[in-house]
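So the chains spell out like this:
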Amino acid sequence: MQGEIDRSSPLPAWAQMAQNLRRQIETGRLVGGDRLPSEAELTEIFRLSRITVRQALSRLSTDGLIERRQGLGTFVVPRKVAVQHDLSLSSSWRQRFREEGHESTAILLEATADVVLPDEMARRLLPTDEVEGIMFLKRVQQVDGQPIGLTESWVPAAVAPGLTDQPLDDGSLSATLRNRYGRSAATVDSTLETVLATVSDAQLLDTVTDVPLFVVTSVSREKNGDLLEVSRTSWVGGRVRFRFLQHADPPDPPTSMGPG
């Protein structure tokens, strides 16, 4: 185990130590059941006082990441099983989670009318797309009370007038578009990439910086090809597992090897 404390950082030493250990847990370098070094060993590893080490461990214990067992030591708490997101299905992922017994919610952080579509998102559109008036929504996705993803959506104002003036139906944009406006996606073109969480991402997702995020960027269109939504969801890598279902082509019929 490596321990690095930046003495010039405005972050207290105990918080830096807690962040270091939390990052190792989030990235899987420390897994459920692992025993942490003793307090005395941690003081040597991080070159901190015993009181400072105890502060860091106390914070991790409060956050439910470690537990102290009398006479045995301090252990990493087994993490919640990562939820599975099936990208090959068109049905609502939140509805699927609920059907599997999970509590799925979305917290609306921002709903703004008349924004500009970011250049990196605009580049994903067709040359024929003429978008005037964009509404922006930002939500934190939670499963069983744990943040798993951050979703940003850009919707043409003509698609859903007044969308940002009212709460979403059950916190779901797709449900709102379907129920309130009679709009639904016929095609969803998605790409997947990996980035590292920024300070802002980490705060919203209750994790630490540099944790891998799986970013799914999607362009949704209606049956007639009109743009419905451009979205970007950043999923916490250690909390979500992606599944793709591919149907194989049927096998070729047997070839005759001679007269029969």
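Residues numbered from 1 in each chain as written. Predicted model: local features only at pLDDT ≥ 70, side-chain atom pairs only at ≥ 80, totals over all residues. Heavy atoms only, no water.

K.L.:
Could you give an account of the packing of aromatic side chains, naming the residues involved and the relevant values?
P.N.:
Within the structure shown, the criterion is met by one aromatic pair. Ring geometry for Phe-136 versus Trp-154: centroids 5.2 Å apart, planes at 45 degrees, classification tilted. Highlighted residues: Phe-136 in strand β5 (residues 134–143) and Trp-154 in strand β6 (residues 146–156), separated in sequence by 18 residues. No difference in accessibility class separates Phe-136 from Trp-154, as the two residues are buried. Sitting over the ring of Phe-75, Arg-69 keeps its end group 4.2 Å from the ring centre. (Phe/Tyr/Trp six-rings, centres within 6.5 Å; stacked < 30°, edge-to-face > 60°. Helix = DSSP H or I, 4+ residues; strand = E, 2+ residues; numbered from the N terminus. Buried < 20%, exposed > 50% of the residue type's maximum accessible area, 1.4 Å probe, protein only. Lys NZ or Arg CZ within 6 Å of the ring centre and 35° of its normal.)

K.L.:
Can you break down the side chain of Asp-201 residue by residue, with the values?
P.N.:
Looking at the element boundaries, Asp-201 is found in helix α7 (residues 199–205). It turns out Asp-201 is buried and unbridged, and the closest side chain with the opposite charge, Lys-138, is 6.4 Å from it. Non-local contacts of Asp-201, meaning those with residues more than four positions away in its chain, are made with Leu-150 and Leu-213. (Lys, Arg positive; Asp, Glu negative; His and termini not counted. Salt bridge = Lys/Arg side-chain N within 4 Å of Asp/Glu carboxyl O. Contact = heavy atoms within 4.5 Å.)

K.L.:
Before we move on, can you summarise helix α1 (residues 13–26) with the specific residues and values?
P.N.:
With 14 residues, α1 ought to run about 20 Å at 1.5 Å a step, and its terminal C-alpha atoms sit 20 Å apart, in line with that. The buried fraction of α1 amounts to 11 of the 14 residues, a majority that puts the element mostly inside the structure. Every buried residue of α1 is listed here: Ala-15, Gln-16, Met-17, Ala-18, Asn-20, Leu-21, Arg-22, Arg-23, Gln-24, Ile-25 and Glu-26. Where α1 ends, the next residue or the one after it, Gly-28, has phi of about 90 degrees, a positive value. (Expected span 1.5 Å × (residues − 1).)

K.L.:
Can you tell me about the nonpolar core, naming the residues and giving the values?
P.N.:
Membership of the largest hydrophobic core comes to 17 residues, with the highest contact counts inside it found for Met-17, Leu-21, Phe-46, Leu-57 and Ile-66. Only α1, α2 (39–46) and α3 (50–62) provide two or more residues apiece to this core. Counting residues in hydrophobic clusters, the runner-up holds 11 residues, among them Met-135, Leu-137, Leu-177 and Leu-228. (Core = buried A, V, L, I, M, F, W, Y, C linked by side-chain atoms within 4.5 Å.)

K.L.:
So what's going on with the pattern of salt bridges? Residues and values would help.
P.N.:
Tallied over the full model, the rule gives 12 salt bridges. Ionic pairing is found between Arg-69 and Glu-67, a salt bridge with its closest N-O pair at 2.9 Å. Of the residues examined, Arg-69 reaches a relative accessible area of 33% and is grouped as partly exposed. Judged by relative accessible area, which is 31%, Glu-67 ranks as partly exposed. Taking the shortest distance from any N to any O, the salt bridge between Asp-129 and Arg-221 comes out at 2.7 Å. Within this pair, whereas Asp-129 is found in the loop between α5 (119–122) and β5, its partner Arg-221 is found in strand β8 (residues 212–221), the two being separated by 92 residues in sequence. Exposure remark for Arg-221: the relative accessible area of 11% places this residue in the buried category.

K.L.:
Quick one: what's the story with the side chain of Thr-74, residue by residue and with numbers?
P.N.:
Here Thr-74 shows up in strand β2 (residues 73–76). In this structure Thr-74 touches Asp-34, Arg-35, Leu-36, Ile-66, Glu-67 and Arg-68, once residues within four positions along its chain are discounted.

K.L.:
Give a detailed account of the packing of α2 against α3, specifying residues and quantitative values.
P.N.:
Running from amino to carboxyl end, α2 crosses α3 at an angle of 105 degrees, the nearest separation of the two axes being 9 Å. Considered as vectors, α2 and α3 are oriented roughly perpendicular to each other. On α3, the residues that touch Glu-39, Ala-40, Leu-42 and Thr-43 of α2 are Arg-50, Val-53, Arg-54 and Leu-57. For the contact of α2 with α3, the class distribution of residues is four nonpolar, one polar and three charged. (Axes fitted to C-alpha atoms, helices over the stretch in contact; angles between N-to-C directions. Parallel < 35°, antiparallel > 145°, perpendicular 65-115°, else oblique. Nonpolar A, V, L, I, M, F, W, Y, C, P; charged D, E, K, R; others polar.)

Limitation: the analysis is restricted to geometry and does not speak to function.
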